[in-house]
Amino acid sequence: MASQLPAEAVPETTLPLSPVRLIAGDTVAPQPGIALCLSGGGYRAMLFHLGALKRLNELKYLKRIARISSVSGGSITAGALAMNWGKLQFDANGKATNFVEMVEKPVIEQAGHTMDAFAVLRGLATLGLAGSQTGYYYSKFLFGKTTLQDLPDEPVFIFNSTSMQTGVLWRFSKQYMGDYRIGLIRNPTVPLSVAVAASSAFPPFLSPVKLNLSNLKFDMTTASDLCKAPYTQEARLTDGGVYDNLGLETVWKRLKTLLVSDAGAPFDYGGIQGRDWPRQTLRVINLLSHQAWSLRTSLLVRMYQSHEREGAYWGIGTPISRYQLADSLSVPKEVSQRLAKVRTRLNAFTEEEQCSLINWGYAACDAAVRKFARPPEPSLPRWPYAKYALDQGLHPGVKVNETPDFVEPVRSG
């Protein structure tokens, strides 16, 4: 959240290497520490990121993370980690010995439940909003009655949504919720299920999530130009990926080391290019989304290369060979490309789909982090689910969305 300082306080020379827009009061002098970003992408992202977390735990990195910023499907995984963080049993080397029980099993169980279709139907039947119904199912299947105040003080978990009123990120955390155009509400008691639902409110079917603010008090020291009715009465929130699908906004200006796990949908270079207006509109939306992603990722990589930031980036469509790590797990390029096209819906995934995506997130994270981020424990990897090892190809039970001329954009660690 920005303080009320003039925009001129931001050195002009820093602007070209900013993966997100700088606002008044921002500085680009990061503090030592590690941040983890978990992108959007529905259940596909949820499972891919679970594999990444599993490998980070083995590499003794998990306990060292100071801030976790998540979007959409990544927020489901982050929510499971946040809810059970206090129950994790870290050994003397910093590895959580009960990670499978506390984090992995709950996320896998969630992946077996269909939510999106039922949320839409329930929303129609009750004349309510489907996004709010998604929160009901998150509460039922995963988060229960956990609120933001039940989360740990450290690491800081940030769940990112997008305000449809102000057009910027709305952030949920234990410490605060709000956006920089309105202001902050300190120590919110919002259910974790609602925060995750708002973060994953994919438009138009699961969006918006409406949040009643009328009885809540804004911290006036953070008040900005829109701290007034109707903005302070109700928040209307959509998927965090609409604004920032990587979750970079809340971490890159704060911390020196950035670990970024990207399970977002790769751009379809064939695409829907019909002459009719609906298909043209869909294509333009995809182009705009791809442009925003390309700008953020390319600038992030440039910051790595210029040593303004440290860390590693791994993408769900990035060929593992690109990391040039001799002892990485073997994943044929066609396998990673097909896994990148698994659906992003919140509907039940098969065992084959779950295990394959976890394996791929694990392998991609391992290659990127051991190559670029100097982990505390650079142990050799092994497939979490050997039955679905990816080195021999993709199991036929994994369903992908076939699209023509799939080409992976250049992504770098």
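For the structure, see preceding data.
Draft legend 1. Broad picture of the environment of Tyr313. With respect to the helices and strands, the residue Tyr313 is situated in strand β10 (residues 310-315). Classification of Tyr313 as buried rests on a relative accessible area of 2%. For the pair Tyr313 and Val301, spaced twelve residues apart in the sequence, the C-alpha separation amounts to 8.0 Å. In terms of polar contacts, Tyr313 uses its side chain to reach the side chain of Asp262, at 2.6 Å.

Draft legend 2. The arrangement of the pattern of salt bridges in detail. A complete count under the given rule lists 15 salt bridges for this structure. Between Glu234 and Lys210 there is a salt bridge, with its nearest N and O atoms 3.8 Å apart. Residue Glu234 is found in strand β8 (residues 234-239), and its partner Lys210 is found in strand β7 (residues 209-212); the two are separated by 24 residues along the sequence. Exposure remark for Glu234: the relative accessible area of 23% places this residue in the partly exposed category. One salt bridge connects Arg236 with Glu234, and the closest N-O pair in it is separated by 2.8 Å.

Draft legend 3. Spotlight on helix α2 (residues 73-84). Taking 1.5 Å per residue, twelve residues should reach 16 Å; α2 reaches 18 Å between its end C-alpha atoms and fits that length. Across the twelve residues that make up α2, a large majority, twelve, are buried. Of the positions making up α2, those classed as buried are Gly73, Gly74, Ser75, Ile76, Thr77, Ala78, Gly79, Ala80, Leu81, Ala82, Met83 and Asn84.

Draft legend 4. Quick look at the nonpolar core. The biggest cluster of nonpolar side chains holds 96 residues, and the ones touching the most others in it are Phe172, Trp314 and Trp360. A per-element tally of this core places helix α10 (residues 351-372) first, with ten residues. Beyond its immediate chain neighbours, meaning those up to four positions away, Phe172 contacts Leu148, Phe157, Ile158, Phe159, Ser161, Met177, Val190, Ala195, Ala198, Leu211 and Leu237. Membership of the second largest hydrophobic core comes to 14 residues, among which are Val251, Leu255, Tyr304 and Tyr313.

Draft legend 5. How the structure looks around the packing of helix α1 (residues 42-58) against α10. Following both chains from N to C, one finds α1 and α10 inclined at 50°, their axes separated by 7 Å at the closest point. Relative to α10, α1 is oriented oblique. Every pair of crossing elements has a handedness; the one defined by α1 and α10 is right-handed. Between α1 and α10, the contacting residues are Arg44, Leu47, Phe48, Leu50, Gly51, Ala52, Lys54, Arg55, Leu56 and Glu58 on the first element and Gln354, Leu357, Ile358, Trp360, Gly361, Tyr362, Ala364, Cys365, Asp366, Val369 and Arg370 on the second. The residue makeup of the contact of α1 with α10, split by class, is twelve nonpolar, three polar and six charged.

Draft legend 6. Quick peek at unusual backbone geometry. Between Glu154 and the following residue, Pro155, the backbone shows a cis peptide bond with an omega angle of -5°. Within the secondary structure, Pro155 sits in the loop between α5 (130-143) and β3 (156-163). At the junction of Ala229 and Pro230, the peptide bond is cis and its omega measures out at 5° in the coordinates. Position of Pro230 relative to the elements: it lies in the loop between β7 and β8. Positive phi is not limited to glycine here, since Gln324 has a value of about 50°. Turning to its location among the elements, Gln324 is positioned in the loop between β10 and α9 (333-339). Of the residues examined, Gln324 reaches a relative accessible area of 64% and is grouped as exposed.

Draft legend 7. Region of interest: the packing of α2 against helix α3 (residues 99-111). Where α2 meets α3, the axes come as close as 9 Å, and the angle between the chain directions of the two elements is 140°. Accordingly, the angle class assigned to the pair α2 and α3 is oblique. As for the relative orientation of α2 and α3, their crossing is right-handed in sense. Where α2 abuts α3, its residues Ile76, Thr77, Ala80, Leu81 and Asn84 lie against Met102, Val103, Pro106, Val107 and Gln110. Split by residue class, the contact of α2 with α3 holds seven nonpolar, three polar and no charged.

Definitions and cut-offs
Residues numbered from 1 in each chain as written. Predicted model: local features only at pLDDT ≥ 70, side-chain atom pairs only at ≥ 80, totals over all residues. Heavy atoms only, no water. Helix = DSSP H or I, 4+ residues; strand = E, 2+ residues; numbered from the N terminus. Buried < 20%, exposed > 50% of the residue type's maximum accessible area, 1.4 Å probe, protein only. Polar contact = N/O pair within 3.5 Å; in protein donor to acceptor, adjacent residues only side chain to side chain. Salt bridge = Lys/Arg side-chain N within 4 Å of Asp/Glu carboxyl O. Expected span 1.5 Å × (residues − 1). Core = buried A, V, L, I, M, F, W, Y, C linked by side-chain atoms within 4.5 Å. Contact = heavy atoms within 4.5 Å. Axes fitted to C-alpha atoms, helices over the stretch in contact; angles between N-to-C directions. Parallel < 35°, antiparallel > 145°, perpendicular 65-115°, else oblique. Left-handed = near helix turned anticlockwise from the far one by under 90°. Nonpolar A, V, L, I, M, F, W, Y, C, P; charged D, E, K, R; others polar.

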